[in-house]
Amino acid sequence: MSNVTLDGNPIEVSGKFPTPGDNAAPFTLTSSGLEEVKLENWAGKRKILNIIPSIDTGVCAASTRKFNEKASGLDNTVVLVISADLPFAAGRFCGAEGIKDVETLSTFRNYSFQQDYGVAIQSGPLAGLCSRAVIVLDESNKVLHSELVSEIKNEPDYDAALKVL
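Just so it is clear, the model here is predicted, and its values are computed rather than measured. (Residues numbered from 1 in each chain as written. Predicted model: local features only at pLDDT ≥ 70, side-chain atom pairs only at ≥ 80, totals over all residues. Heavy atoms only, no water.)

Undergrad: Got a minute to help me understand the overall build of the protein in this structure?
TA: For the protein, the helix and strand inventory stands at 4 helices and 10 strands. Taking 165 residues into account, the globule formula puts the C-alpha radius of gyration at 15 Å, and the protein, at 14 Å, falls close to it. By its C-alpha atoms, the protein is 40 × 35 × 30 Å across when sized along the principal axes. When the 165 residues of the protein are sorted by exposure, 50% land in the buried category. Accessible surface, the protein as shown: approximately 7400 Å² in total, 48% of it carbon and sulfur. (Helix = DSSP H or I, 4+ residues; strand = E, 2+ residues; numbered from the N terminus. Rg over C-alpha atoms; globule rule 2.2 N^0.38 Å. Buried < 20%, exposed > 50% of the residue type's maximum accessible area, 1.4 Å probe, protein only. Areas by Shrake-Rupley, 256 points an atom, 1.4 Å probe, with all protein chains shown as cover.)

In structure tokens, the structure reads:
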């Protein structure tokens, strides 16, 4: 169990958060087209997992925009924006913002992702959502970088995440 804060107030986050050197757990999530997708769909690519509570918040929107901008030119790299949002909301946001270089995925059918990746918020007003985190995987799904953002309202360290690529 990890602890992070929301407005300085502690909230519990359960599951085992991956650390550099770990092998990423396999997952199944739901795409914006309502299809089930697995981690193996991006076999052979580097992956930035931008895990957020909800695309409908300012910081989550900002991190999606920032990774879209900064990672779009990286070779053999995909940005996966993962939240508990319904795929419709994430698709609507990206369409309205002109964001084309990220893929949005939802945990709404597969809550196990939140536990497997140590981002399941268990207490406080955001219980049931994902905690803010960034995990960078290499082509073989080995964790190169991981950051569980300690204050949910803060943005992740983009430079640290991108530096490992």
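Undergrad: Please clarify how a nonpolar patch on the surface should be interpreted in this entry.
TA: Residues L34, L86, F88 and F108 make up a contiguous nonpolar surface patch of roughly 370 Å² in combined accessible area. Mapped onto the elements, L34 comes out in the loop between β3 (28–31) and β4 (36–38). The exposure class of L34 is partly exposed, given its relative accessible area of 33%. (Patch = residues over 30% accessible without salt bridge, like charges linked within 9 Å, V, L, I, M, F, W, Y side chains within 5 Å. Salt bridge = Lys/Arg side-chain N within 4 Å of Asp/Glu carboxyl O.)

Undergrad: Honestly, the pairing of strand β10 (residues 143–148) in this entry has me stumped. Any pointers?
TA: Both faces of the sheet carry side chains from a regular strand, because those side chains alternate between them. The pairing of strand β9 (residues 133–137) with β10 spans 5 bridges and is classified as antiparallel. Bridging across to β10, V134 finds its partner in E147. Here β9 folds back onto β10 in antiparallel fashion, the turn holding 5 residues, of which N141 has a positive phi close to 70°. (Pairing = 2+ DSSP bridges.)

Undergrad: Would you explain the sheet that holds strand β2 (residues 9–14) in this entry?
TA: Whether parallel or antiparallel, the strands of a sheet pair through hydrogen bonds between backbone atoms. An order of β1-β2-β8 is seen for the 3 strands of this open sheet, with the pairing classed as antiparallel. Looking at the sheet topology across the chains shown, the edges are occupied by β1 (2–6) and β8 (120–121). Across 2 bridges, β2 lies against β8 in antiparallel orientation. Looking across to β8, one finds that V13 is bridged to I121.

Undergrad: So what exactly am I meant to see when it comes to unusual backbone geometry here?
TA: Across the chain, the bulk of peptide bonds are trans and the bulk of non-glycine residues have phi less than zero. Even without being glycine, L34 reaches a positive phi, approximately 70°. Of note in the backbone geometry, N76 takes a positive phi value of approximately 55° without being a glycine. Structurally, N76 is set in the loop between α1 (58–71) and β6 (77–83). Under the relative-accessibility criterion, N76 is labelled partly exposed at 36%.

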